Amino acid sequence: MTQIIPPRVKTDDLVLALVPPYRVTPERFDALIESGHFAPESKIELIDGWVIEKPMKNAPHEITSNKVNRWLHRVLPDGWFVSIEKSFDAQSNLVIPDAMLVRGDPGDYQNRRPSAHDVGLIIEIADSSLAYDQGIKTGLYLNAGVQRYWISNIQERVIEVYTLVIDGAEFGRLTVADLFA
């Protein structure tokens, strides 16, 4: 007789093992977070009702993230703040961009997440997540009404610039060297 042995849960997979096997609403997602269902250090997003775990960042991603953060603080206009890896309300999706320029003061968002109206720029830093950021994330941000979305494309060493216009998305590229020099 064959015995079925359930797979062992590795530490890295623990958060995935706790994810409910069904779609959830943003309200239910928030309730799961508040109840401690997910580890506090986990980076999870709600996309189209599914709980998605963000991948770990490699060294090039972390280095680029530090450069972007430093650059954003240098160009930050009055009345705005830099938000690093904090949640964003993309309509019924709750995502964690790598960086955002957000209107106002962090205290303004104690009872809600920033949405497209509050954000001047969203930046994703992409290496292994490039196709995901160019596809799913671009669609989420532009459909939510984000006016400016950049992808720092580590593989090609360019910044991809997406701008919401009347007829859809406009696309352009800037070299990373020109921006972060």
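Here's what I pulled together on the structure shown here. Predicted model, so just to flag it, every value in this text is computed and none were measured. (Residues numbered from 1 in each chain as written. Predicted model: local features only at pLDDT ≥ 70, side-chain atom pairs only at ≥ 80, totals over all residues. Heavy atoms only, no water.)

It is worth spelling out the layout of surface pockets at this point. Here the largest pocket is characterised by a volume of approximately 560 Å³. Every residue lining the largest pocket is counted, 24 residues in all, and those nearest its centre are Ile33, Lys86, Ser87, Ile96 and Arg113. Broken down by secondary-structure element, the contributors of at least two residues to the lining of the largest pocket are helix 2 (26-34), strand 3 (80-84) and strand 5 (93-95). When residues of the lining of the largest pocket are assigned to their parent elements, the largest contribution, 4 residues, is made by helix 2. When the residues that make up the lining of the largest pocket are grouped by side-chain class, the tally is 13 nonpolar, 3 polar and 8 charged. (1 Å grid on protein atoms, 1.4 Å probe; cavity = no way out; pocket = protein on both sides within 12 Å on 5 of 7 lines; lining within 4 Å. Points joined across faces, edges and corners; volume = space filled by probe spheres on them. Helix = DSSP H or I, 4+ residues; strand = E, 2+ residues; numbered from the N terminus. Nonpolar A, V, L, I, M, F, W, Y, C, P; charged D, E, K, R; others polar.)

What follows deals with the nonpolar core. Residues Phe88, Val95, Ile122, Tyr141, Val146 and Tyr149 are the most contacted members of the largest nonpolar core, which totals 20 residues. Within the residue set of this core, elements represented by two or more residues are strand 4 (88-90), strand 6 (99-103), strand 7 (119-126), helix 4 (130-143) and strand 8 (148-153). Among the nonpolar cores identified, the runner-up in size contains 13 residues, and Val68, Ile154, Ile159 and Val161 belong to it. (Core = buried A, V, L, I, M, F, W, Y, C linked by side-chain atoms within 4.5 Å. Buried < 20%, exposed > 50% of the residue type's maximum accessible area, 1.4 Å probe, protein only.)

Now for the side chain of glutamate 45. By the secondary structure assignment, glutamate 45 is in strand 1 (residues 44-47). Among the polar contacts made by the side chain of glutamate 45, one reaches the side chain of lysine 137 at a distance of 3.0 Å. Setting aside chain neighbours within four positions, we find glutamate 45 in contact with Phe29, Trp50, Val51, Ile52, Lys54, Leu94, Val95, Ile96, Tyr132 and Lys137. (Polar contact = N/O pair within 3.5 Å; in protein donor to acceptor, adjacent residues only side chain to side chain. Contact = heavy atoms within 4.5 Å.)

Below, the discussion takes up the pairing of strand 1. Here strand 1 shows two buried faces, one formed by Ile44 and Leu46 and the other by Glu45 and Ile47. One ladder, built from 4 bridges, connects strand 1 with strand 2 (residues 50-53); its direction is antiparallel. In the sheet register, isoleucine 47 faces strand 2, and the bridge partner there is tryptophan 50. The turn joining strand 1 and strand 2, which pair antiparallel and follow one another in sequence, is formed by 2 residues; a positive phi near 55° is taken by aspartate 48. (Pairing = 2+ DSSP bridges.)

All right, on to the environment of glutamine 91 then. With respect to the helices and strands, glutamine 91 occurs in the loop between strand 4 and strand 5. Expressed as a C-alpha distance, the spacing of glutamine 91 and leucine 140, which sit 49 residues apart in the sequence, is 8.6 Å. Those residues in contact with glutamine 91, other than ones at most four positions away along the chain, are Asn143 and Ala144.

Quick look at helix 2 now. Among all positions of helix 2, only Pro26, Phe29 and Leu32 are buried. End-on view of helix 2: buried residues confined to an arc of 120°, all on one side of the axis. For helix 2, the exposed residues lying more than 90 degrees away from the buried face are Glu27 and Glu34. Packed against the buried residues of helix 2 are strand 1, strand 2 and strand 5. Just past helix 2, the residue glycine 36 takes up positive phi, approximately 85°. (Arc of directions from axis to C-beta.)

Taken as a whole, this structure holds 6 aromatic pairs when the rule is applied. For the ring pair phenylalanine 88 and tyrosine 141, a centre distance of 5.9 Å and an interplane angle of 65° mean the geometry is edge-to-face. Residue phenylalanine 88 is found in strand 4, and its partner tyrosine 141 is found in helix 4; the two are separated by 53 residues along the sequence. (Phe/Tyr/Trp six-rings, centres within 6.5 Å; stacked < 30°, edge-to-face > 60°.)

Turning next to the side chain of lysine 54. Note that lysine 54 resides in the loop between strand 2 and helix 3 (59-75). One polar contact links the side chain of lysine 54 to the main-chain carbonyl oxygen of isoleucine 96, over a distance of 2.5 Å. Contacts of lysine 54, omitting those with residues within four sequence positions, involve Lys43, Glu45, Ile96, Asp98, Glu124 and Lys137.

Honestly, it's all geometry; don't read function into it.
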